[in-house]
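# What the coordinates show
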Amino acid sequence: MSSHHIVREKQEPALLVLGLDDFPEELLGQLLEWSPTVITTPDTAEKLNMLGIKVDWVISNNRDEGLVQSDVKLMVPGDNTLATTALNYLIANHYPAVNVIMDEPVLDEMQNYTGKIDLVIFQGDQKIYTVSSGFSKWKPAGEEIRVLNSTKALNYTGLEQTGPDSFRTVEDGFFTLSFEQPFLWLAEGLD
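In what follows, the accompanying structure is described. No experiment lies behind these values; they were computed from the predicted model shown. (Residues numbered from 1 in each chain as written. Predicted model: local features only at pLDDT ≥ 70, side-chain atom pairs only at ≥ 80, totals over all residues. Heavy atoms only, no water.)

### Focus on the environment of Leu48
Operational definition: Note on conventions: DSSP H or I runs of at least 4 residues are helices, E runs of at least 2 residues are strands, and numbering of each starts at the N terminus. Here's how the labels work: a residue is buried when its accessible area is under 20% of the maximum for its type, exposed when over 50%, partly exposed in between, all with a 1.4 Å probe on protein chains only. By definition, residues are in contact when any of their heavy atoms lie within 4.5 Å.
With respect to the helices and strands, Leu48 occurs in helix 2 (residues 42-50). On the basis of relative accessibility, which here comes to 1%, the residue Leu48 falls in the buried class. Considering only alpha carbons, one finds Leu48 and Val38, 10 residues apart in sequence, at a separation of 9.9 Å. Contact partners of Leu48, with chain neighbours within four places excluded, come to Val17, Leu20, Leu28, Val38, Thr40, Ile53 and Val55.

Structure, rendered in structure tokens:
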């Protein structure tokens, strides 16, 4: 007897690739494992094409820019940023989640989308995501965690503070965070 995996459209997070500088090819492969919808910029579309990766959408005001593959659709940003254009499209089309690869995170821009779509941002050697108060996660001892936005009344267990916004897990096990605002941006190193 064999097992078959049936992947329904939009079941897996979409992949928004805004930059690939210093991004590990192995991790890119993992994010592409279940054939997500791939949205990218013209420059990055060329890089993805050279890696043999199929692109679904290119975000550009220029109809001919970045369309290096057949059957690629054009997403026109108009006056919006590339990220805003893609996120608006994904939300309007009921995607529950998106993995975003970018060279420089623009958290202020992304914060408008928390609660509307699950966002995980990959930048350099870190994974950035939002958490609600009461968040808990298992990590091995010595793992670094950073809080990327200012916080009110931050309480934590299982962590020791190593800098103004930096923490380290004390031991193997769960750490927890509680705070007063709606969410926090957390960054952790890529495993």
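That shown, we press on.
### Structural notes on the sheet that holds strand 8 (residues 135-139)
Two modes of strand pairing occur in sheets, parallel and antiparallel, and in both the strands are linked by backbone hydrogen bonds. Which entries qualify depends on this criterion: We treat two strands as partners when DSSP finds at least two bridges between them. The angle between two axes is taken between their N-to-C directions and runs from 0 to 180 degrees, where each axis is a line fitted to C-alpha atoms and a helix contributes only its stretch in contact.
As summarised here, the arrangement of the three strands in space is 8-13-10, forming an open sheet in which the pairing is antiparallel. Each end of this open sheet is capped by a strand with a single partner; those strands are strand 8 and strand 10 (155-157). Strand-to-strand twist of the sheet, defined as the mean angle between neighbouring strand axes without regard to direction, takes the value 15 degrees. Judged from the five bridges that link them, strand 8 and strand 13 (residues 173-178) form a sheet pairing that is antiparallel. Its bridge partner lying in strand 13, Lys137 is registered against Phe175.

### Topic: the sheet that holds strand 11 (residues 159-161)
Across the sheet, which stays open at both edges, the 11 strands sit in the order 4-3-2-1-5-6-7-14-9-12-11 with mixed pairing between neighbours. In this open sheet, the two edge strands, each paired with only one partner strand, are strand 4 (73-75) and strand 11. The average undirected angle you get between the axes of adjacent strands in this sheet is 25 degrees. Across five bridges, the pairing between strand 5 (residues 97-101) and strand 6 (residues 118-123) is parallel. Within strand 6, the position partnered with Val98 by the bridge is Leu119. On top of the sheet, helix 2 reaches strand 1 (14-17), strand 2 (38-40) and strand 3 (57-59); it is set at about 130 degrees to strand 2, its chief contact. The sheet strands contacting helix 3 (residues 82-92) are strand 1, strand 2, strand 3, strand 4, strand 5 and strand 6, and the helix crosses strand 3 at an angle near 140 degrees.

What is shown is where atoms sit, not what they do.
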